[in-house]
Amino acid sequence: MAADAQKLPRPTITNIIKQLETRLVIRLLERPTKQVHLTHEDALYYQRYIHSLADLDNMESLFSQTQPKGNLRVNLQGTQTKHFVIPHINKFLTCYPDITLHIDEDDRLIDLVREGVD
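What counts, and where the lines are drawn
- Residues numbered from 1 in each chain as written.
- Predicted model: local features only at pLDDT ≥ 70, side-chain atom pairs only at ≥ 80, totals over all residues.
- Heavy atoms only, no water.
- Helix = DSSP H or I, 4+ residues; strand = E, 2+ residues; numbered from the N terminus.
- Rg over C-alpha atoms; globule rule 2.2 N^0.38 Å.
- Contact = heavy atoms within 4.5 Å.
- Areas by Shrake-Rupley, 256 points an atom, 1.4 Å probe, with all protein chains shown as cover.
- Phe/Tyr/Trp six-rings, centres within 6.5 Å; stacked < 30°, edge-to-face > 60°.
- Buried < 20%, exposed > 50% of the residue type's maximum accessible area, 1.4 Å probe, protein only.
- Expected span 1.5 Å × (residues − 1).
- Patch = residues over 30% accessible without salt bridge, like charges linked within 9 Å, V, L, I, M, F, W, Y side chains within 5 Å.
- Salt bridge = Lys/Arg side-chain N within 4 Å of Asp/Glu carboxyl O.
- Polar contact = N/O pair within 3.5 Å; in protein donor to acceptor, adjacent residues only side chain to side chain.

Draft legend 1. Spotlight on the overall build of the chain. A count of helical and extended segments in the chain gives five helices and four strands. Helices and strands appear in the chain in the N-to-C order α-α-β-β-α-β-α-α-β. Expected size for 118 residues packed as a compact globule is a radius of gyration near 13 Å; at 26 Å, the chain overshoots this value by more than 25%. When the backbone C-alpha atoms are referred to their principal axes, the chain occupies close to 75 × 30 × 30 Å. Residue pairs in contact within the chain that sit at least 24 positions apart in sequence constitute 51% of those at least 6 positions apart. When the accessible area of the chain is evaluated, it comes to approximately 10100 Å², of which 57% is carbon and sulfur surface.

Draft legend 2. Focus on the packing of aromatic side chains. For the structure shown, the criterion picks out two aromatic pairs. Taking 6.3 Å as the distance between ring centres and 15° as the angle between the ring planes, the aromatic pair formed by Tyr45 and Tyr49 counts as stacked. You can see Tyr45 and its partner Tyr49 sitting in helix α3 (residues 40-64), four residues apart, about one turn around the helix. The exposure class assigned to Tyr49 is partly exposed, which follows from its relative accessible area of 44%. Measuring from centroid to centroid gives 5.2 Å for Phe92 and Tyr96, while their planes differ by 45°, and the two rings are tilted.

Draft legend 3. Spatial organisation of helix α2 (residues 10-24). Between its first and last C-alpha, α2 extends 21 Å over 15 residues, near the 21 Å set by a 1.5 Å rise per residue. The positive-phi residue at the C-terminal boundary of α2 is Val25, with phi of around 60°.

Draft legend 4. Representation of a nonpolar patch on the surface. On the surface, Tyr46, Tyr49, Ile50, Leu53, Leu56, Met59, Leu62 and Phe63 cluster together to form a nonpolar patch covering roughly 800 Å² of accessible area. Turning to its location among the elements, Ile50 is positioned in helix α3.

Draft legend 5. Structural detail: the pattern of salt bridges. A full pass over the atoms with the stated rule returns two salt bridges. Here Asp104 and Arg73 are joined by a salt bridge, their closest N and O atoms 2.8 Å apart. Of this pair, Asp104 sits in strand β4 (residues 99-105) while Arg73 sits in strand β3 (residues 70-76), placing them 31 residues apart in sequence. When its relative accessible area of 27% is taken as the criterion, Asp104 is described as partly exposed. Ionic pairing is found between Asp111 and Arg114, a salt bridge with its closest N-O pair at 3.6 Å. With relative accessibility at 31%, the residue Asp111 sits in the partly exposed group.

Draft legend 6. Quick look at the side chain of Glu21. Within the element layout of this structure, Glu21 appears in helix α2. In terms of polar contacts, Glu21 uses its side chain to reach the backbone amide nitrogen of Leu28, at 2.8 Å.

Next up, the structure:
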């Protein structure tokens, strides 16, 4: 069934399951004769996996709905600022209205941490 649902050859699915069993050091499927049954460990693994995927989806939706906000302090070399940043500042501020942008321009090497630059 899994092979049909994924449109993959059955030996490919079998090899994937065997690799997973090797990595987890447990047997996920019982394979007597021509039938395949879930083991107790497989049921537990599956439930935890589904729960983890749901948590991941919830976390992603939590962050995808929020717009970035706060202060952004950058330090650029003069030519970079003039040619690559200034032409796009209005678009950036339109897309991210809750960002307060601070741009410093100079040609010296700076200590990002000590000078509080993002």
